[in-house]
Amino acid sequence: MKKLSTVIGTGMLVASVAAGAASRDTISIVGSSTVYPFATVVAERFGKTTPFNTPKIESTGSGGGMKLFCEGVGVSHPDITNASRRIKKSEFKKCQKNGVKDIVEVKIGYDGIVVANSRKAPQFNLSRRDIFLALAKQIPDPKAPESGKLIPNPYQTWKEVNPSLPGYRIEVLGPPPTSGTRDAFAELAMEGGCKSFSWIKQIKSDSKKAKKAGDKKLAKQLKNRYKAICHGVREDGRYIEAGENDNLIVQKLEANPKALGVFGYSFLEQNEDRIQGSNIDGLAPEFELIASGKYPVSRPLFFYVKKAHVGKVPGIPEYLAEFTSEKAWGDEGYLVDKGLIPMPREEREKYARDAKELTPMHF
């Protein structure tokens, strides 16, 4: 009997610990450093105006957040991940494989990626071609740029890239590969300049033709080559990975007026007394130009919700309702004051409805 009571007591203790481990009363959010400021404002208001706890938010980068989000279902995994790009096909497949079946996609608005520097220095006027030539790991041979020959990037100053630019050494502080901002910057800015070379642009066209002809192997080889050329960032110290903390980049730009930094528009707006955005292809990173899609380096922002966690972790539907309310993301919403570029009303209504009805996305 004594042994039996000990076994029962131990069993009750284990059950008690297991029950504690199997429950969580605070929403767990990970992901993009760009979306982090917006999610934090919503979370703070949510915590003050509802009976639920203020959500716990970690800035892990879009890629890091997706990795954590897709690891599985259960309270040991995040409920929501923020992203400054759309979920990738490979990430969606990983989620499905790990049992994260029903994912609700919510687009929250738009953002521009800026290349900024200190107000103590001259403002830069860059083209996407300038950005590619300054930061690519390999570039077309300057002596014969359309010959199809690549060489390791030789440029050390901006003036070498373009005689109209300052003679400053190329030093660009930017996000790491796990960041959605880095992905979007590579796709919109780097690739935008890369495909200004006709023979590189032809590689992408040939890849599409090979795929259409049914030669998947060749199509993949060409696609990988194109991406390696256009998205490959130099590793010789000219581009400096500054982590997921965009505020740290702003501080470093103040300390070094000759450096440039890459981050979301919201950080430029919040620090416009200290830093200035470069013109890209003749256009400034301004609210109206980003909202209209004219600014060449702009992108949508998202968050993703695990439907299986709704009802298991308290407050998720209410948090979604707060984030997708007009008072938050509307034209005059409080997130606009933080630098979010709002979607058109029809888009807002569509994603608000998806969030309310927990409509699973289809890739």
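Just so you know, these numbers come straight off a predicted model, no measurement behind them.

### Description of the environment of Ala328
The topology assignment puts Ala328 in helix α14 (residues 326-329). For Ala328, a relative accessible area of 0% corresponds to the buried category. For the pair Ala328 and Lys350, spaced 22 residues apart in the sequence, the C-alpha separation amounts to 16 Å. Beyond its immediate sequence surroundings of up to four residues, Ala328 is in contact with Glu322, Phe323, Gly333, Tyr334, Leu335 and Val336.

### What to know about the layout of surface pockets
By volume, the largest pocket amounts to about 1,500 Å³. Here the residues of the lining of the largest pocket are counted per class, giving nine nonpolar, five polar and 18 charged. The residues that make up the lining of the largest pocket include at least three from each of domain 1 (28-111 + 299-357) and domain 2 (112-298). Forming the walls of the second largest pocket are 13 residues, and the residues nearest its centre are Arg119, Leu268, Gly277, Pro285 and Glu286. For the lining of the second largest pocket, the elements supplying multiple residues, two or more each, are α11 (265-270) and β11 (275-277). Taken together, the residues that form the lining of the second largest pocket break down as five nonpolar, four polar and four charged.

### Some remarks on the pattern of salt bridges
The final tally for this structure, using the stated rule, is 19 salt bridges. Residues Arg348 and Asp331 are paired through a salt bridge, measuring 3.2 Å at the closest nitrogen-oxygen approach. In this pair, Arg348 sits in helix α15 (residues 345-357) while Asp331 sits in the loop between α14 and α15, placing the two residues 17 residues apart along the sequence. Residue Arg348 is classed as buried on the basis of its relative accessible area, which comes to 2%. You can call Asp331 partly exposed: its relative accessible area is 45%. Taken together, the shared-partner salt bridges connect Arg85, Lys88, Glu91 and Asp183 into one network.

### With respect to the domain arrangement of the chain
Parsing the chain into structural domains produces domain 1 (28-111 + 299-357) and domain 2 (112-298). Relative to domain 2, the C-alpha centre of domain 1 lies at a distance of 28 Å. Counting the surface lost from both domain 1 and domain 2, the interface buries some 1,500 Å², and carbon and sulfur atoms represent 53% of this. It is Asp111, Arg299 and Ile341 that lose the most area in domain 1 upon contact with domain 2, and together they represent 38% of the buried surface on that side. There are two salt bridges connecting domain 1 and domain 2.

### Remarks on the pairing of strand β4 (residues 103-118)
Within β4, 15 of the 16 residues are buried, leaving the element largely enclosed by the surrounding structure. Pairing analysis gives nine bridges linking β4 to strand β13 (residues 298-306), with the strands arranged antiparallel. Each bridged residue has a counterpart across the sheet, and for Glu105 the counterpart in β13 is Tyr304. Relative to β11, β4 runs antiparallel, the two sharing three bridges.

### Thoughts on the environment of Ser325
Within the secondary structure, Ser325 sits in the loop between α13 (316-323) and α14. Residues Ser325 and Glu349, 24 residues apart in the sequence, show an inter-C-alpha distance of 9.4 Å.

### Let's talk about the state of the cysteines
Summed over the entire model, instances satisfying the criterion amount to two disulfides. The disulfide that involves Cys70 links it to Cys95, with 2.0 Å between the sulfurs. Judged by the sign of its S-S torsion, about -75°, the cystine formed by Cys70 and Cys95 is left-handed. Taken together, the residues span a long stretch of sequence, with Cys70 in the loop between α3 (62-69) and β3 (80-83) and Cys95 in helix α4 (residues 89-97) at a distance of 25 residues. Given a relative accessible area of 0%, Cys95 falls into the buried group.

### Details of the packing of aromatic side chains
All told, the structure shown has nine aromatic pairs when counted by the stated rule. On the basis of an interplanar angle of 0° and a centroid distance of 5.8 Å, the ring pair of Phe46 and Phe52 is categorised as stacked. Judged by relative accessible area, Phe46 falls into the buried class, the value being 0%. Its relative accessible area of 23% is what places Phe52 among the partly exposed residues. What links up through ring pairs into an aromatic cluster is the set Phe46, Phe52, Phe303, Tyr319 and Phe323. When the ring centre of Phe69 is taken as reference, the NZ or CZ atom of Lys306 above it lies at 4.6 Å.

### So, unusual backbone geometry
A positive phi angle, near 50°, is found at Asp281, a position not held by glycine. Relative to the assigned elements, Asp281 resides in the loop between β12 (279-280) and α12 (287-292).

About the thresholds
Residues numbered from 1 in each chain as written. Predicted model: local features only at pLDDT ≥ 70, side-chain atom pairs only at ≥ 80, totals over all residues. Heavy atoms only, no water. Helix = DSSP H or I, 4+ residues; strand = E, 2+ residues; numbered from the N terminus. Buried < 20%, exposed > 50% of the residue type's maximum accessible area, 1.4 Å probe, protein only. Contact = heavy atoms within 4.5 Å. 1 Å grid on protein atoms, 1.4 Å probe; cavity = no way out; pocket = protein on both sides within 12 Å on 5 of 7 lines; lining within 4 Å. Points joined across faces, edges and corners; volume = space filled by probe spheres on them. Nonpolar A, V, L, I, M, F, W, Y, C, P; charged D, E, K, R; others polar. Domains from an automatic or database assignment. Salt bridge = Lys/Arg side-chain N within 4 Å of Asp/Glu carboxyl O. Buried area = accessible area lost by both parts, 1.4 Å probe. Pairing = 2+ DSSP bridges. Disulfide = S-S within 2.5 Å. Phe/Tyr/Trp six-rings, centres within 6.5 Å; stacked < 30°, edge-to-face > 60°. Lys NZ or Arg CZ within 6 Å of the ring centre and 35° of its normal.

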